[in-house]
Amino acid sequence: MRAYDIIYKKRQGYSLSREEIEFLINGYSSGKIPDYQISAWAMAVFFQGMDDQETAYLTEAMARSGEIVDLSEIGAKVIDKHSTGGVGDKTSLVLGPLVSAAGIPVAKMSGRGLGHTGGTIDKLESIPGFCTEISSKEFLDNVRSTGISIIAQTADIAPADKKLYALRDLTATVESIPLIASSIMSKKIAGGADGIVLDVKTGNGAFMENLEEARELAEKMVRIGRNVGRKTIAVISDMNQPLGYKVGNTLEVEEAVECLRGKGPEDLRELCLTLGANMLILAEKAADFRTGYEELTDLLDSGKAYEKFLDFVAAQGGDIELIKNDDLSKADKRIMIEAEDSGFVSSIKTREIGLCAMLLGAGRDNKESKIDYEVGLELKKKIGDRVNAGEPLVEVYYNKEDRLDEVIRRLKDAFIIKKEKQEPLILIYEIIE
Ligand code: URA
């Protein structure tokens, strides 16, 4: 077998066999097949797609490229959550401690930023001292003692996905249903959770821009989960504007903390409660959605979820005094972008918002780039809000001037203001079980 022939076959639109997919994935993991051939293959998949059978083979090959974790020694059902990626999506920072406070052990492996979207691990690493790379033993010890641990995908868990994920981030091959489905499900399967709640984002800031594509992705992942015996629920949620108001690593931690203290933006809180209630159902801790939702609301409003967050951060070495005193370091240099017209915010180019945060340094340009945790954006208006000319639309937190002019120009263009009133957007479109 040769990688060239498999790339050619996919490029021509044919289905690949289990052996061909295993050959590519095993060859890539062991370093025998180089980045450039896998990039070409990923681009062929991007254009030609993959049927359910091929996607299942790919998921299995990536899950089996490393260790399959056994979480049974935790002695309770472990329910994982994963988002397909969005802008300002800080739900895991809230949900982890929230469901842990409800008695569900959280043993979660999360990712770094991908394309124009941020990643939970980069956000957690913006807390000074927080360590996302700990041994499996420490990980399980933390889950047993604190009820929660969130770590970076280790080298042992679905290493083929880890490599392919980083490659796709830099080769414009992220937005592919089979590649996203297999990437997410392979690491969730290898991560050992009994049940999985997926947050499938749709809109102009998501990898799946329209609802039909999001539904197709959600259904594909739920089918994969069912076929491997992991109960899976997918919530399709809106990403036509950033979630909450803050985008950028430290800024997002700050907003997640507000939510954990029972305040914060309504959309973030509502999405966390919806995803969390479904996690409680899968863990058999809540008889129905309403009961789960109400229990989690109490945990947010009583401060118990916030207390759990502090325990979790402390257990992984993070400085909780900075969190308690609202003293996480943010860029001192700020500039406010103001509206040029009066009217209502009718749409926001969400992908542009994500890309502007990346240009400021909140994401990576290449595999070696270092993130600037202090930079980002704070929206002052969201869709449906009334705005007068000269009023603030978005505040830019920056440290370097080199791309500032470009960011300002793109941000001005990212807010569409119209005279007609615009209804607020729906947040949750569908739940697929
Ligand atoms: N999240 C993942 O883990 N993988 C993808 O491909 C996209 C989002």
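Scroll up to find the structure.
Read on for an overview of the structure.

Conventions we followed
Residues numbered from 1 in each chain as written. Predicted model: local features only at pLDDT ≥ 70, side-chain atom pairs only at ≥ 80, totals over all residues. Heavy atoms only, no water. Near = heavy atom within 4 Å. Polar contact = N/O pair within 3.5 Å; in protein donor to acceptor, adjacent residues only side chain to side chain. Areas by Shrake-Rupley, 256 points an atom, 1.4 Å probe, with all protein chains shown as cover. Helix = DSSP H or I, 4+ residues; strand = E, 2+ residues; numbered from the N terminus. Buried < 20%, exposed > 50% of the residue type's maximum accessible area, 1.4 Å probe, protein only. Contact = heavy atoms within 4.5 Å. Arc of directions from axis to C-beta. Pairing = 2+ DSSP bridges.

Attention now goes to the site of the ligand. Every residue close to the ligand is listed here: His82, Thr84, Leu114, Tyr165, Arg168, Ile180, Ser183, Ile184 and Lys187. Contacts to the ligand include His82, whose side-chain N or O atom sits 3.0 Å from an oxygen atom. In the model, an oxygen atom of the ligand is placed 2.7 Å from a nitrogen or oxygen of the Lys187 side chain. Relative to its free-state accessible area of 240 Å², the ligand is covered by the protein chains to the extent of 97%. Elements with a minimum of two residues in the shell around the ligand: α8 (159-170) and α9 (177-191).

Now for the side chain of Asn142. The residue Asn142 is located in helix α7 (residues 136-146) in this model. Looking at Asn142, the relative accessible area reads 9%, which means it is buried. Once you skip the residues sitting within four places of it in the chain, Asn142 turns out to touch Ile134, Gly147, Ile148, Ser149, Ala315 and Gln316.

Among all positions in helix α1 (residues 3-11), only Ala3, Ile6, Ile7 and Lys10 are buried. For α1, the angular spread of the buried residues around the axis is 100°, confining them to a single face. Residues of α1 that are buried make contact with α2 (18-29), α3 (35-48) and α4 (52-63).

The next point concerns the sheet that holds strand β7 (residues 333-338). The sheet built from four strands is open, its strands ordered β6-β9-β11-β7 with antiparallel pairing. Strands with a single pairing partner mark the edges of an open sheet, and in this sheet they are β6 (246-247) and β7. With two bridges connecting them, β6 and strand β9 (residues 376-379) associate as antiparallel partners. Looking across to β9, one finds that Lys246 is bridged to Glu378.

A word on the environment of Lys349. For Lys349, the location among the structural elements is in the loop between β8 (343-348) and α16 (350-362). Classification of Lys349 as partly exposed rests on a relative accessible area of 34%. Residues Lys349 and Lys324, 25 residues apart in the sequence, show an inter-C-alpha distance of 34 Å. If near-sequence neighbours (up to four positions away) are discounted, Lys349 is found in contact with Asn204, Asp413, Ala414 and Ile416.

At Ala172, a residue that is not glycine, the phi angle is positive and equals roughly 55°. On the secondary structure map, Ala172 appears in the loop between α8 and α9. Residue Ala172 is classed as exposed on the basis of its relative accessible area, which comes to 56%. One non-glycine residue with positive phi stands out, namely Glu284, at about 60°. Within the secondary structure, Glu284 is located in the loop between α12 (266-282) and α13 (289-301). Owing to a relative accessible area of 56%, Glu284 belongs among the exposed residues under this scheme.

Nothing here speaks to function; it is all geometry.
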